[in-house]
Amino acid sequence: MDTSGELSPAVRSILSAAEERDGGETRCTVDARSLPDALDAAADGGRAPVIAELKPTSPTTDGERTDDPVELAEEMVAGGAAALSVLTEPEHFGGSTETLRRVREAVSVPVLRKDFLLREAQLDAVASDVVLLIARFVDDLDGLLAAARERGFQVLVEVHTPGEARTALDAGADIIGVNNRDLAELSVDLSTFESVVESVPELRDGSVTLIAESGIETREDVTRMRSAGADGLLVGSAIMDGDVRENTERLTDV
Ligand SMILES: O=C(O)c1ccccc1NCC(=O)[C@H](O)[C@H](O)COP(=O)(O)O
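Our subject in this report is the structure included herewith.

Calculation rules
Residues numbered from 1 in each chain as written. Predicted model: local features only at pLDDT ≥ 70, side-chain atom pairs only at ≥ 80, totals over all residues. Heavy atoms only, no water. Helix = DSSP H or I, 4+ residues; strand = E, 2+ residues; numbered from the N terminus. Rg over C-alpha atoms; globule rule 2.2 N^0.38 Å. Buried < 20%, exposed > 50% of the residue type's maximum accessible area, 1.4 Å probe, protein only. Lys, Arg positive; Asp, Glu negative; His and termini not counted. Charge placed at Lys NZ, Arg CZ, Asp CG, Glu CD. Axes fitted to C-alpha atoms, helices over the stretch in contact; angles between N-to-C directions. Parallel < 35°, antiparallel > 145°, perpendicular 65-115°, else oblique. Left-handed = near helix turned anticlockwise from the far one by under 90°. Contact = heavy atoms within 4.5 Å. Nonpolar A, V, L, I, M, F, W, Y, C, P; charged D, E, K, R; others polar. Near = heavy atom within 4 Å. Polar contact = N/O pair within 3.5 Å; in protein donor to acceptor, adjacent residues only side chain to side chain. Areas by Shrake-Rupley, 256 points an atom, 1.4 Å probe, with all protein chains shown as cover. Phe/Tyr/Trp six-rings, centres within 6.5 Å; stacked < 30°, edge-to-face > 60°.

Assigned secondary structure in the protein chain consists of 11 helices and 8 strands. Relative to its length of 254 residues, the protein chain is compact, with a C-alpha radius of gyration of 16 Å against a globular reference of 18 Å. Over its C-alpha atoms, taken along the principal directions, the protein chain stretches across nearly 40 × 40 × 35 Å. Here the protein chain holds 254 residues, and the buried ones make up 54% of them. Side chains of the protein chain carry 24 positive and 51 negative charges; the gap between the two charge centres is 2 Å.

In structure tokens, the structure reads:
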């Protein structure tokens, strides 16, 4: 894990909690719904390919959303979300593996497990269609990627810099997310996605499903990230803040 650069106290706390968290007792086997296919189908159908994120709270959010997550998930899908992301981190994001299990049972779109996974056993805590691995925080990306794929998971490898994007490509990642959130300041800057993609043109050669993550709030942001090459857009706060169906419709209907 690379904790050498600056990290906000909240992220340090998230990582300490992740180091302590147990995995599942039995090995997961997943028959995954395809995230790339779901994103392509949305785009072919004239909708922005949005992955709507169920994030009850976060270090950058005031308060906590306590409505039934299954109802929220169904509203997101009704609003046009191509896929869902469910936070399972409990201490800082109000998530749970049980929420993800219930949501995945209730919807037919692919569901991403959004968490800070550090060890192979943690993959087995719950089945999902996609798991997130954060390049900076995973010691053995090749090994964890292989372990996830052996179980049937698709893997979204998250990066924030050109160097991390090259590491993800070298490890054979085929779904890569560029997170616009800086983990030192927790601020978001959409030009992060643009500059990483410009520095690493292989991200746009068609072999990778490329996701823009964080800080996407408006239709203009959606158009901007799509123009820069995003095949999918991961949106949390702008959907969770208010009527999730209306918010999802506003961002998918472009
Ligand atoms: O969302 C946070 O406050 C946060 C703080 C520290 C580490 C990670 C954090 N978020 C994880 C994410 O990547 C986002 O939930 C996701 O990309 C959606 O972002 P947004 O649309 O800006 O809510």
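Let us look at the packing of helix 3 (residues 69-78) against helix 5 (residues 97-106). At their nearest, the axes of helix 3 and helix 5 sit 9 Å apart, and the two run at 40 degrees to each other. Between helix 3 and helix 5, the angle is such that the two are oblique. Crossing of helix 3 over helix 5 shows right-handed handedness. The segment helix 3 lies against helix 5, with Pro69, Val70, Ala73 and Glu74 engaging Thr99, Arg102, Val103 and Ala106. Taken together, the residues of the contact of helix 3 with helix 5 sort by class into 5 nonpolar, 1 polar and 2 charged.

Another aspect to go through is the site of the ligand. Around the ligand, the surrounding shell holds 19 residues, and the nearest of these are Glu53, Thr60, Lys114, Ser214 and Ser237. Contacts to the ligand include threonine 60, whose side-chain N or O atom sits 2.5 Å from an oxygen atom. Here an oxygen atom of the ligand sits 3.1 Å away from a polar atom, N or O, in the side chain of arginine 181. If the ligand stood free it would expose 510 Å²; the protein chains cover 97% of that surface.

Enumeration over the complete set of coordinates arrives at 1 aromatic pair. Summarising the aromatic geometry, the rings of phenylalanine 93 and phenylalanine 116 are spaced 5.8 Å apart at their centres and angled 25 degrees between planes, so their arrangement reads as stacked. Of this pair, phenylalanine 93 sits in helix 4 (residues 90-93) while phenylalanine 116 is found in the loop between strand 3 (111-114) and strand 4 (130-134), placing the two residues 23 residues apart along the sequence. With a relative accessible area of 13%, phenylalanine 116 lands in the buried category.

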